[in-house]
Amino acid sequence: MTDKELKLVIGALLHDIGKVIFRTGDGRKHSISGYEFLKDEAHITDADVLDSVRFHHQDALKSASIDENAIAYIVYIADNIAAATDRRKSDQEEKGFNPEVPLQSIFNILNGNQKQYHYYPKSLDDKEGINMPTTEEKNFDRHFYQRIKTDMLDALKGVESWHQDYVNSLLSVMEAYLSYIPSSTVLAELTDISLYDHVKMTAAYSSCIYQYLESLQISDYKKVLFKDSRAFYEKKAFRLFSMDISGIQKFIYTIHSEGALRMLRSRSFYLEILMEHMIDEILEACSLTRANLIYSGGGHCYILLANTEQTEKKLRLLQDKFNKYFLETFDISLYVAMASVECSPNDLENQPSGTYALIFKTLSQSLAKQKSRRYSIEQIQFLNRRRGSDGKRECKVCKKTSETNENGRCTFCELMSEFSNDILYKDFFTVIQEKRINSIPLPDGRYLIAQTEEELRKTMETDDYFVRTYGKNKLYTGKSVTTKLWVADYTKKGKTTENYAKEAEGIDRIAVLRADVDNLGQAFVSGFPEKYTTLSRTATLSRQLSLFFKHYINDILKNSVYKLSKDCSERNATVVYSGGDDLFIVGSWDDVIALAVDIQQTLEEYSIGALTISAGIGIYPAKYPLNISASEVADMEEQSKGYPDKNAITLLSDTYSWKDFTEKVIGEKLNELEKFFANSGERGKAFLYRLLELIRNMNERINLARFAYVLTRLEPVGENMQKEKLLYREFSKKMYQWVQDKEDQRQLVTAIYIYVYLHREKEEQ
């Protein structure tokens with residue numbers, strides 16, 4: 001990245017800082033407020049950066065005494081493109097503006113929603129749980145903006161001495177402080193795009209425009225971007241790039257050995273870091289920053305790139321490099337496909353209507369085509385040459401034929417075993433250019449090590465092999481701190497599947513949960529009304545989903561709400577994987593069922609009902625192979641997605657809508673069983689087993705009579721049993737009604753199973 005590109009990114013990220021200053025009560029235009037703040041308080045003296053802030057509006061730029069190739073012209077048009085893709089007239093058409101207006105939720109208009117929900121004024125790093133959208137319109141007053149101004153001032157000290165290794169740190173700081181601040185406060189417009197998302201997109205557009213013009217040897221920015229700006233909106237200056245890693249499910253869930261839970265977690269986390277590393281290699285090769293990353297999750301990403309020949313060449317080289325690493329390290333288990341589509345500012349604004357959806361459709365088709373023809377002739381020849389297995393054995397963990405150690409593990413699986421504890425108890429994951437003890441391989445001769453903050457500081461100061469580092473769930477700025485990775489790392493320390501089974505209520509069993517957001521791809525491309533379908537909203541939506549599944553999921557497990565039986569503050573479970581839009585969790589069977597409901601209900605509140613989730617839950621003995629349970633539960637998840645309107649849970653072979661499961665199975669039928677059999681002991685369970693047998697064969701009419709007979713034998717006997725008899729009559733009436741209705745009957749069977757599992761004595765099992 002050249003010095004000019006670096007200044008351009010910094011100028012673009014800071015161009016609207018004046019909005020924070022203006023909203024503290026400063027009465028000047030925000031471009032002037034921002035300029036004065038950076039110059040006088042943050043002590044930034046670089047003219048290019050300051051001009052980008054001072055002249056990013058047309059009226060100021062028209063009379064500015066700056067060179068024709070000043071980066072202020074790029075920031076100006078990038079700001080306009082970003083504004084065009086995020087600002088849209090609302091249906092209210094109110095006049096004027098209100099500097100105290102709160103940020104609206106991006107979910108207000110998603111998937112048919114027509115809501116008016118807002119966020120509370122806070123920072124992203126506030127430790128107050130999830131910032132849920134609410135109908136209460138809590139104004140962002142001057143005191144709040146004054147606090148943000150003070151925090152930003154501390155973060156901006158020394159910005160002039162920064163080089164490209166620090167830019168991503170600036171981006172992280174701005175995400176922390178500006179994520180819940182609206183970009184626009186014009187009352188006639190939607191205010192659902194945060195100031196952070198706006199400046200981030202402005203920086204992304206700026207970098208791409210600079211590279212595009214450089215490739216055409218155009219240096220008169222004033223003419224092309226200011227005087228002839230309307231024509232530029234038709235130029236295919238950008239490429240929307242997509243990368244997708246195939247084989248993730250098989251790579252993660254092939255494990256079935258002792259300690260499988262730890263190995264699953266290690267492998268899923270490794271893939272997450274691997275994906276982020278590959279993204280950063282692409283961005284670095286293309287002289288871009290994390291501002292250009294639109295979405296990352298589940299082995300898939302979108303990046304905004306410049307439409308140049310040089311960019312395309314670099315992408316081809318990187319794809320070959322990545323797949324060469326996958327073949328050498330994992331054989332054919334993993335493969336990366338890459339594709340990009342050229343697009344104009346108008347395309348990204350969905351002008352004319354339908355062009356935005358066409359970008360994603362073309363990308364998807366290109367990726368699918370690549371996956372159908374993976375390898376070149378040279379790569380196939382390489383695979384054939386290394387097929388011999390002399391002196392190699394099957395790894396007892398991943399079952400891959402390889403050189404194994406005395407533990408029967410291949411080199412990679414041994415590293416993953418050591419890596420498991422580091423994931424939980426170390427905060428930084430550092431990429432280096434030298435192989436070391438317990439370092440994990442990455443593409444292009446890079447290696448991954450886990451570090452404490454103290455170890456990282458030493459590495460940054462003295463290690464010539466240091467490349468970059470990722471902070472986990474913690475804001476940390478510094479040289480080559482690429483980003484703060486939100487990681488769903490919740491677990492009960494030291495717990496195994498055996499522990500989870502023993503600590504479950506009733507029967508000794510674990511449960512495996514897999515869940516996935518319904519129709520997410522459709523939501524990205526066409527979930528917003530046509531006039532609101534833009535890249536800015538796609539980027540904002542993807543970031544909100546990443547926050548939920550990678551960050552807030554930890555909060556959901558730490559602060560349980562729904563209960564199946566006992567009260568508990570923290571779930572007895574481990575997150576194996578959660579990111580993008582799906583999750584995989586293992587734990588005590590009763591806790592997993594309850595937390596699944598927590599996740600569904602929290603997502604419903606978080607998305608204002610715009611998104612739904614479908615899940616599968618399997619209940620197993622502790623020693624049941626996790627790779628097999630993962631596959632079986634994946635089938636249950638698919639069964640839920642086949643349910644009408646999806647939004648369902650499959651448990652104990654039956655599928656229910658979440659509403660029916662919580663209200664009918666648990667809230668009605670399980671509660672009735674609990675209430676009636678509260679003090680019945682073994683007699684009650686014996687009757688339930690008999691009733692269950694009769695319900696299963698209820699298609700035979702004689703069994704209805706037998707069912708009624710068994711119910712009569714449950715009636716309390718004795719003169720002082722009036723209260724119990726009243727309870728019995730109510731219970732028997734409901735039971736008799738339920739078994740005559742197919743749906744009630746199905747729900748009752750599930751409720752009986754759950755009741756029996758909850759009350760199974762340990763010595764019975």
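Residues numbered from 1 in each chain as written. Predicted model: local features only at pLDDT ≥ 70, side-chain atom pairs only at ≥ 80, totals over all residues. Heavy atoms only, no water.

**Description of the packing of helix H13 (residues 260–285) against helix H14 (residues 309–330)**
Okay, step 1: Between H13 and H14, the shortest axis-to-axis distance is 10 Å and the interhelical angle comes to 150°. Judged on the interaxial angle alone, H14 and H13 are roughly antiparallel. The handedness of the crossing between H13 and H14 comes out as right-handed. Contacts from Tyr 270, Leu 274, Met 278, Glu 281, Ile 282 and Ala 285 in H13 reach Lys 314, Leu 315, Leu 318, Phe 322, Tyr 325, Phe 326 and Phe 330 in H14.
Okay, step 2: By residue class, the composition of the contact of H13 with H14 is 11 nonpolar, no polar and 2 charged. (Axes fitted to C-alpha atoms, helices over the stretch in contact; angles between N-to-C directions. Helix = DSSP H or I, 4+ residues; strand = E, 2+ residues; numbered from the N terminus. Parallel < 35°, antiparallel > 145°, perpendicular 65-115°, else oblique. Left-handed = near helix turned anticlockwise from the far one by under 90°. Contact = heavy atoms within 4.5 Å. Nonpolar A, V, L, I, M, F, W, Y, C, P; charged D, E, K, R; others polar.)

**What about helix H28 (residues 722–738)?**
Okay, step 1: Between its first and last C-alpha atoms H28 spans 24 Å; for 17 residues at 1.5 Å apiece the expected length is 24 Å, and the two agree.
Okay, step 2: Every buried residue of H28 is accounted for by Lys 725, Tyr 728, Phe 731, Ser 732, Met 735 and Trp 738. An end-on view of H28 places all buried positions within 150° of arc, on one side of the element. Exposed residues lying more than 90 degrees from the buried face of H28 are Lys 723, Leu 726 and Lys 733. (Expected span 1.5 Å × (residues − 1). Buried < 20%, exposed > 50% of the residue type's maximum accessible area, 1.4 Å probe, protein only. Arc of directions from axis to C-beta.)

**What to know about the pairing of strand E12 (residues 510–517)**
Okay, step 1: Across the 8 residues of E12, 8 count as buried, placing the element largely inside the fold.
Okay, step 2: Neither face of E12 is open: one carries Ile 510, Val 512, Arg 514 and Asp 516, the other Ala 511, Leu 513, Ala 515 and Val 517, and all of them are buried.
Okay, step 3: Strand direction decides the pairing type here: E12 and strand E14 (residues 582–588), joined by 7 bridges, are antiparallel. Opposite Ala 515, over in E14, you have Leu 583 as the bridge partner.
Okay, step 4: As paired elements, E12 and strand E15 (residues 613–620) share 8 bridges and run antiparallel to each other. Looking across to E15, one finds that Val 512 is bridged to Gly 618. (Pairing = 2+ DSSP bridges.)

**A short note on empty space enclosed by the protein**
Okay, step 1: Per the stated rule, a full pass over the model turns up 6 cavities of 30 Å³ or more.
Okay, step 2: Size it by volume and the second largest cavity reaches roughly 80 Å³.
Okay, step 3: If you go around the second largest cavity, the residues you meet are Arg 265, Ser 268, Phe 269, Glu 272, Ile 423, Val 487, Ala 488, Asp 489, Val 575, Val 576, Tyr 577 and Ser 578.
Okay, step 4: Listing elements by their share of the lining of the second largest cavity, those giving two or more residues are H13 and strand E13 (573–579).
Okay, step 5: Broken down by class, the residue content of the lining of the second largest cavity amounts to 7 nonpolar, 2 polar and 3 charged. (1 Å grid on protein atoms, 1.4 Å probe; cavity = no way out; pocket = protein on both sides within 12 Å on 5 of 7 lines; lining within 4 Å. Points joined across faces, edges and corners; volume = space filled by probe spheres on them.)

**Thoughts on the sheet that holds strand E16 (residues 648–651)**
Okay, step 1: Pairing within the open sheet is mixed, and its 6 strands lie in the order E13-E14-E12-E15-E16-E17. Across the chains shown, the open sheet's two edge strands, defined by having one partner strand only, are E13 and strand E17 (654–657). Taken over all neighbouring pairs, the strand axes of this sheet differ in orientation by 15° on average, direction set aside.
Okay, step 2: Along the sheet face, H13 touches E13 and E14 and points at about 20° away from the line of E13.
Okay, step 3: The strands touched by helix H25 (residues 658–676) within the sheet are E15, E16 and E17, with E17 carrying the most contacts at an inclination of about 95°.

**A closer look at unusual backbone geometry**
Okay, step 1: Of note, the bond from Gln 351 into Pro 352 is cis; its omega dihedral lies within 30 degrees of zero at -5°.
Okay, step 2: Position of Pro 352 relative to the elements: it lies in the loop between helix H15 (345–348) and helix H16 (355–372).
Okay, step 3: The phi dihedral of Ser 287 is positive, around 55°, even though this residue is not glycine.
Okay, step 4: Look at Ser 287 and you get buried, because its relative accessible area is 18%.
Okay, step 5: Phi at Asn 519 takes a positive value of approximately 55°, unusual for a residue other than glycine.
Okay, step 6: In this structure, Asn 519 sits in the loop between E12 and helix H21 (520–526).

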